[in-house]
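If you want the building blocks of each chain, they are given just below.
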Amino acid sequence: MIWALGKFHMNLEKCLLDQVLLMYAKYLKLFNQLLSFLYRTEITMTKKYKYLDELTDKTKDYKVRVKVIEKSRPKQSPGKLARQPLVLRDEKGTTMRGIIFGSDIPLFEQAIVRDGEYEIGDAIIAPVVEQYRQKEKEFQMTFTRRMELIPVVGESSNPGPKYLQIQSIPRTGEASNDLIDVIGLVLYVGDVRPVNIAGREVPVRDIMIVDDRAEVNKTLLDDLRSMILTARDPSQPRVISTLAEIKAKKAANTWLEQKYWIKVAVVDPKVEDMHFYVGCSKCGRKGTAEKGTAYYCNHCKNAETLSVPRVTFKINVSDGTGTHEFTVFTSEVQTLTGFSADQMHEYFSSGDYTQLTQQLNKLATRDIYLQIGPTATIASNRMLSWVIRQISFE
């Protein structure tokens, strides 16, 4: 009797699960049809944009809509930053040169494509060097990770919400109050957890949403939840990746919470690559107050901050498969050198770097373990660059 009852419950649970999955599949089909309808009918809100011939080096807080009609290969001249030229054209037919420099070039490798149309905001506008001008008062646009870049989905004159695909959600600027309309399916809602932002703990909750671009199946929820929990679990064994593997990763399949360990050596560390300053004890930004003085920080809006010694350090690391440049900040520099920020500032003030140089020479002979992860640009502009999360010597 008990065995029969248990078997009945198992069969009932299986039937219920099958019904749930069937309903989920039907809902997903309707959901995709709704998305397709909205994108086809191009329901958007009409906006006015500047044209390229209205932009000068004095133009601020602007947006333009352009098509990338040329995207050349990166060029490298001896002793100069690598550069990648672009040509942009607006709907009036006006063209403007664009340029990407140095380490920003790989960030835009997938974010900008030839014949792609984009809404661009707050990119740097500067005069073209005189010897390269084709006309008087010619300007060019410099692409950086801080600009706003939105792939164009489509628009019409019909008023209404502007539905964007999730991959087209723009970077949120500090002064932006714009709201973004999306239609998606919420797959995962995480617990509230504290995150340190600019020296303050801020409550954060992870939410995962998919739209019709995701090929959803019944196992996706479990897979995504498992990946997030694995990335966040500090008890996970340390698996060493190579720099070649890190450089091969793409923004399309990398998310903010992923972390990787690399085993590297610091190549030729020099005092000249260090920058000493005094700044906010909360957010670390450079300030104007004297060391040890209490002041109001305009960056993090904190009225109870102190002016304390700070240092940044540009390091090149190598593991035999490649090299990479990182900028490390005060706490990481203290870990790498074994000196406090106060000690390093004393060396800087006296001009005697003997002890610091000796420590950097020792650092060059040691293997170090770096835990790295994507910077916030992966979420804001879908550009992949890396930052050090943790340093270990063993």
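We now turn to the structure provided with this report. Throughout, residues of each chain are indexed from 1 in the direction in which the sequence is written. In keeping with the predicted nature of the model, local features appear solely for residues at pLDDT of at least 70, side-chain atom pairs appear and are counted solely at 80 or more, and the whole-chain, interface and lining totals rest on all residues. For side-chain calculations, the full set of non-hydrogen atoms in the structure is used, while hydrogens and water are omitted.

Quick word on the overall build of the protein chain
For clarity, the cut-off: Secondary structure counts use DSSP, requiring at least four H or I residues in a row for a helix and at least two E residues in a row for a strand, with both numbered from the N terminus. Burial classification: accessible surface area is computed with a 1.4 Å probe over protein chains only, and a residue below 20% of its type maximum counts as buried, one above 50% as exposed, and the rest as partly exposed. Two residues form a contact once any of their heavy atoms are found within 4.5 Å.
Along its length, the protein chain carries 7 helices and 19 strands. The 394 residues of the protein chain split such that 36% are buried. A separation threshold of at least 6 residues defines the contact pool for the protein chain, and within that pool the share at least 24 residues apart is 59%.

Brief notes about the side chain of E148
Rules: For this analysis, a polar contact is any N or O atom pair within 3.5 Å, provided that within protein one partner can donate a hydrogen and the other can accept it, and provided that sequence-adjacent residues contribute only side-chain to side-chain pairs.
By the element assignment, E148 lies in strand β7 (residues 148-151). Classification of E148 as buried rests on a relative accessible area of 15%. Within polar-contact distance, the side chain of E148 engages the side chain of K63 at 3.3 Å.

Structural notes on the pattern of salt bridges
The line we're drawing: Salt bridge, as used here: a side-chain nitrogen of Lys or Arg that lies within 4 Å of a carboxyl oxygen of Asp or Glu.
Here the structure, examined in full by the defined rule, presents 7 salt bridges. D53 serves as the salt-bridge partner of K92, at 3.0 Å between the closest nitrogen and oxygen. One end of the pair, K92, is in the loop between β2 (83-89) and β3 (95-101); the other, D53, is in the loop between α1 (2-41) and β1 (63-71), and 39 residues separate them in sequence. You can call K92 partly exposed: its relative accessible area is 48%. Take D53: its relative accessible area is 44%, and that puts it in the partly exposed class.

With respect to the environment of R205
If you trace the backbone, R205 turns up in the loop between β10 (200-204) and β11 (207-210). Overall, R205 belongs to the partly exposed group, its relative accessible area being 44%. Sequence separation between R205 and V195 is 10 residues; the distance between their C-alpha atoms is 9.7 Å.

Observations regarding the sheet that holds strand β6 (residues 139-143)
Rules: Here, a strand pair is defined by DSSP locating no fewer than two bridges between the strands. Every axis corresponds to a line fitted to the C-alpha atoms, with the helix fit spanning only the stretch in contact, and the corresponding angles, defined between N-to-C directions, vary from 0 to 180 degrees.
In spatial order, the strands read β5-β6-β3-β2-β1-β4-β7; together these 7 strands make up an open sheet with mixed pairing. Edge positions in the sheet fall to β5 (124-127) and β7, since each of these pairs with one other strand and no more. Mean inter-strand twist for the sheet, computed between neighbouring axes without regard to direction, equals 40°. Pairing of strand β4 (residues 117-121) with β7 involves 4 bridges; the strand directions are antiparallel. Paired with E119 across the bridge in β7 is I150.

Quick look at the nonpolar core
Basically, it comes down to this: The term nonpolar core refers to a set of buried residues drawn from Ala, Val, Leu, Ile, Met, Phe, Trp, Tyr and Cys, joined through side-chain atoms within 4.5 Å.
Core analysis: the biggest nonpolar cluster contains 32 residues, and I315, F326, L370 and I372 have the highest contact counts within it. Every residue in contact with I372, bar those within four places of it in the chain, is listed here: I246, Q258, K259, Y260, I262, F326, W386, V387, I388 and R389.

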